[in-house]
Amino acid sequence: STGGNTGGPGGSSGGGTGSGGNTVSGTASVNYRDQVSKILQVTGSYNINYSDANTLNLTNSLNVYNFVQNGVKKIDTLLNTTTSNILSNNKTHRASIEFEFTPDSAQFIRVTPSFSLTNSTGSNTQEQAQEGFRNQYTKSITSNTNNTPQLGLIVFYQYIFKKPRRNISAQFNL
């Protein structure tokens with residue numbers, strides 16, 4: 001309100017909200033195993049996880065203001081409408097291969113390289129309209145993208161001594 005507001009603002013508000021959306025997600029994987037030779041066994045795997053989501057939100061509120069302006073009681077209203085549309089897309093790829101070497105009955109070596117890649121994209125479009133004693137419209141759009149690769153390597157070695165219940169092992173993770 002403008003000018004001569006002597007009674008102070010007062011009033012009430014009411015409104016409602018609604019939301020909904022869709023999500024699609026899934027996983028697929030492939031595995032492989034082969035005894036290549038007497039001393040080498042190979043195991044490999046690949047999988048993908050994905051999800052796509054779309055969320056819609058709507059919020060309405062009506063504010064009623066009672067005030068005094070220049071000695072006259074007045075009532076004014078303000079209708080706020082906010083809509084938003086949030087989209088997100090996530091995919092994760094993972095692959096690994098495991099080499100198991102058994103050169104003799106006393107030694108065992110396992111080498112496991114791995115790779116993963118996570119792709120994420122998202123956006124949010126938000127619109128807000130106000131009608132009444134204040135008329136304005138705003139729209140904002142935000143978006144993000146994230147691509148995260150990851151490499152890994154595990155090396156395991158075990159030696160079994162001829163004396164019973166004695167062995168030594170070491171593992172390195174990178």
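Note that the structure is a prediction, hence the values are computed from the model and not measured.

Asker: When you look at the overall build of the chain in this model, what are you seeing that I'm missing?
Answerer: Each helix and strand counted, the chain has 0 helices and 6 strands in total. Counting from the amino terminus, helix and strand elements in the chain follow one another as β-β-β-β-β-β. In the chain, which comprises 174 residues, the proportion classed as buried is 14%. For the chain, contacts bridging at least 24 residues in sequence account for 61% of all contacts bridging at least 6.

Asker: What exactly am I supposed to notice about the confidence of the model for the chain here?
Answerer: A low pLDDT means the predicted coordinates there should not be read in detail. On average, residues of the chain score 88 in pLDDT, and 89% of them are at 70 or above. Segment residues 1–10: pLDDT under 50, and 17 contacts once partners within four positions in sequence are set aside and those in other chains are kept.

Asker: Even after reading the chapter, I still don't get the pattern of salt bridges, so can you show me in this structure?
Answerer: For the coordinates displayed, the defined rule picks out 2 salt bridges. Close ionic contact of R110 with E98 constitutes a salt bridge, the shortest N to O distance being 3.8 Å. Remark: E98 occurs in strand β3 (residues 72–104) and R110 occurs in strand β4 (residues 107–132); sequence separation between them is 12 residues. We classify R110 as partly exposed; its relative accessible area is 27%. Using a relative accessible area of 23% as the deciding quantity, one classes E98 as partly exposed. For E100, the salt bridge is made with R110, and the minimal N-O distance between the two is 3.3 Å. Of this pair, E100 sits in strand β3 while R110 sits in strand β4, placing them 10 residues apart in sequence. Linked by salt bridges that have partners in common, E98, E100 and R110 make up one network.

Asker: For this particular structure, what's the right way to read unusual backbone geometry?
Answerer: Although it is not a glycine, N70 adopts a positive phi angle of roughly 55°. Relative to the assigned elements, N70 resides in the loop between β2 (40–69) and β3. Backbone geometry places R165, a non-glycine residue, at a positive phi of 60°. Inspection of the secondary structure assignment puts R165 in the loop between β5 (136–160) and β6 (167–173).

Asker: What am I meant to see in the environment of D34 here?
Answerer: In this fold, D34 is placed in strand β1 (residues 10–35). Using a relative accessible area of 31% as the deciding quantity, one classes D34 as partly exposed. Excluding anything up to four places from it in sequence, D34 contacts L40, Q41 and V42. Side chain to side chain, D34 and Y32 meet in a polar contact 3.1 Å long.

Asker: Sorry, what's going on with the pairing of β2 here?
Answerer: Here β2 runs beside β3; their pairing, made up of 30 bridges, is antiparallel. Each residue of the ladder has a partner; that of L58, found in β3, is T83.

Asker: I'm lost on the side chain of E100 in this one. Help?
Answerer: According to the relative accessible area criterion, E100 is buried, its value standing at 16%. A polar contact is formed between the side chain of E100 and the side chain of R110, at a distance of 3.3 Å. Filtering out sequence-adjacent residues up to four positions away, E100 remains in contact with I39, L40, Q41, F108, I109 and R110.

Asker: I tried to follow the packing of aromatic side chains on my own but got confused; where do I start?
Answerer: Each aromatic ring pair is described using two quantities: the centre-to-centre distance and the angle formed by the ring planes. Scanning the entire structure with this criterion turns up 2 aromatic pairs. Ring centres of Y159 and F161 lie 5.0 Å apart, and the angle between their planes is 75°; this geometry places the pair in the edge-to-face category. Residue classification places Y159 among the partly exposed positions, given a relative accessible area of 28%.

Asker: Please clarify how the environment of K139 should be interpreted in this entry.
Answerer: Within the secondary structure layout, K139 lies in strand β5. Each C-alpha atom of the pair K139 and T83 lies 9.6 Å from the other, and the pair is 56 residues apart in sequence. K139 has contacts with T125, Q126 and E127, leaving out every residue within four places of it along the chain.

Here is what the cut-offs are and how they apply
- Residues numbered from 1 in each chain as written.
- Predicted model: local features only at pLDDT ≥ 70, side-chain atom pairs only at ≥ 80, totals over all residues.
- Heavy atoms only, no water.
- Helix = DSSP H or I, 4+ residues; strand = E, 2+ residues; numbered from the N terminus.
- Buried < 20%, exposed > 50% of the residue type's maximum accessible area, 1.4 Å probe, protein only.
- Contact = heavy atoms within 4.5 Å.
- pLDDT = per-residue confidence, 0-100.
- Salt bridge = Lys/Arg side-chain N within 4 Å of Asp/Glu carboxyl O.
- Polar contact = N/O pair within 3.5 Å; in protein donor to acceptor, adjacent residues only side chain to side chain.
- Pairing = 2+ DSSP bridges.
- Phe/Tyr/Trp six-rings, centres within 6.5 Å; stacked < 30°, edge-to-face > 60°.

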